[in-house]
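# Architecture and fold: a report
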Amino acid sequence: MKKFMASVLAAAMIMGAGTAISYTGADTAITANAATEGTYEYLKYTAYDTYVEITGFDGTVTEVEIPEKINKLPVTTIGEKAFYNATNIEKITVPESIETIGQYAFYNCSSLTEVNLPNTLKTIDGYAFHDCISLEEIILPDSLTSIGEQAFRNCAEMKKIVFPKGLSDISYGVCYGCLSLEEVVIENGTSSIGLRSFANCISLSKVYIPLSIKSIHGLDSANDSFYTCTSLKDVYYSGSAN
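Because the structure is a prediction, the values reported are computed rather than measured.

## Structural notes on the side chain of threonine 190
- In this structure, threonine 190 sits in the loop between strand 14 (183–186) and strand 15 (192–193).
- A residue is classified by how much of its surface remains accessible, and threonine 190, at 0% relative accessible area, is buried.
- Here threonine 190 is in contact with Pro164, Lys165, Leu167, Ser168, Asp169, Ile170, Ser212 and Ile213, once residues within four sequence places are set aside.

Written out as C-alpha cells, the structure reads:
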C-alpha cells in the first residue's frame, strides 16, 4: 500500500496542481475530473477543461443569444441536437467564439428566420439547419472550411447562398429541396460539387461556378448535383468539369 500511495503522489506531482485525482482502493485507476454539466439561463451546457459546449435548450424565448463565455471559459461548440425541434425560436445570435456547429444542432427550428454566424466558425456539421423552413438568409463566414451533408436541406424560404472560398467541396444534398433558392455563388477555392447538392431547387435560376471546380457530380442522371432544377437558365462557369 505504501508503495502504491507513493506512486499516486508522484503522479500528482507530474500532472500538476490543476488536475484533481482520487484514490478509492487498490483496484481504482487515477482519473482526472470529469466534464461538468450546467445551465445558463435557458441553455444547457457541458464545461470541459478549456471550453464549453452548448448541449440543449429549455426555454420559450423567440430570440436566443448564445454567450461568448460561461464561467470564464469560451463557448466554442454548439453540440449535436442542441436546439433540435426548438420550433419557437425566430432569431439566433452566435458569438465570436463558436468554431463548430454540430449535427442536427438546429434541426426543424421551423420558425427560425435569422441566424448570425461569427467569423470564428470553421465547421457546420451535417443536417445542422435541416428543415429550417422559414430561414430566409444565412451568411456563411470566410472562416468556414467544412459543411456537412444536407446541412441546409429543405430551407424552403432561403433565396440566396454564397459558399466561401475555404470550402474544399460542396457536400451531398447540402441545399436539397430549397424550393425558393434562386441564386448560388461558389467562391474560388472549391474543387467539387457533390451528389444532389442542389437537387429539387426548383426556383434556382442562376449559379456562379468558379475556375477551381474540377468535378460536378452525375450530370444527366438522377444523382445530378442540379437534378430537377427546372428553372436554371444562367450558369457562369470557367474550368474543366468531369
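## So, the packing of aromatic side chains
- Overall, the coordinates contain 13 aromatic pairs when judged by the stated rule.
- On the numbers, 4.9 Å between centres and 25 degrees between planes, the contact of tyrosine 48 with tyrosine 51 is stacked.
- For the pair phenylalanine 129 and phenylalanine 152, a centre-to-centre distance of 5.6 Å together with 15 degrees between the ring planes defines the contact as stacked. Taken as a pair, phenylalanine 129 in the loop between strand 10 (123–124) and strand 11 (146–147) and phenylalanine 152 in the loop between strand 11 and strand 12 (160–163) lie far apart in primary sequence, 23 residues in all.
- The buried category is assigned to phenylalanine 152, whose relative accessible area is 0%.
- Here a set of aromatic residues connected by ring pairs shows up, and it is made of Tyr42, Phe57, Phe83, Phe106, Phe129 and Phe152.
- Directly above the aromatic system of tyrosine 84 lies the positively charged group of lysine 81, at a separation of 5.1 Å from the ring centroid.

## Structural notes on the nonpolar core
- Phe83, Ile101, Ile124, Phe129, Phe152, Phe163 and Phe198 are the most contacted members of the largest nonpolar core, which has 61 residues in total.
- Residue assignment for this core shows that the elements contributing at least two residues are strand 2 (43–47), strand 3 (52–57), strand 6 (73–78), strand 12, strand 14 and strand 16 (206–209).

## Brief notes about the sheet that holds strand 15
- Spatial strand order, 13-15-17: three strands in an open sheet with parallel pairing. The open sheet has two edge strands, strand 13 (169–170) and strand 17 (215–216), and neither has a second partner.
- Two strands pair when backbone bridges link them, and strand 13 and strand 15 are joined in this way by two bridges, in the parallel orientation. Residue pairing in the sheet places isoleucine 170 in a bridge with isoleucine 193 of strand 15.

## Focus on the pattern of salt bridges
- As enumerated under the stated definition, the model contains one salt bridge in all.
- A salt bridge links glutamate 183 to lysine 160; its shortest N-O distance comes to 3.9 Å. A residue pair is termed long-range when its members are at least 10 positions apart, and glutamate 183 in strand 14 and lysine 160 in strand 12 qualify at 23 residues.

Scoring rules and cut-offs
- Residues numbered from 1 in each chain as written.
- Predicted model: local features only at pLDDT ≥ 70, side-chain atom pairs only at ≥ 80, totals over all residues.
- Heavy atoms only, no water.
- Helix = DSSP H or I, 4+ residues; strand = E, 2+ residues; numbered from the N terminus.
- Buried < 20%, exposed > 50% of the residue type's maximum accessible area, 1.4 Å probe, protein only.
- Contact = heavy atoms within 4.5 Å.
- Phe/Tyr/Trp six-rings, centres within 6.5 Å; stacked < 30°, edge-to-face > 60°.
- Lys NZ or Arg CZ within 6 Å of the ring centre and 35° of its normal.
- Core = buried A, V, L, I, M, F, W, Y, C linked by side-chain atoms within 4.5 Å.
- Pairing = 2+ DSSP bridges.
- Salt bridge = Lys/Arg side-chain N within 4 Å of Asp/Glu carboxyl O.

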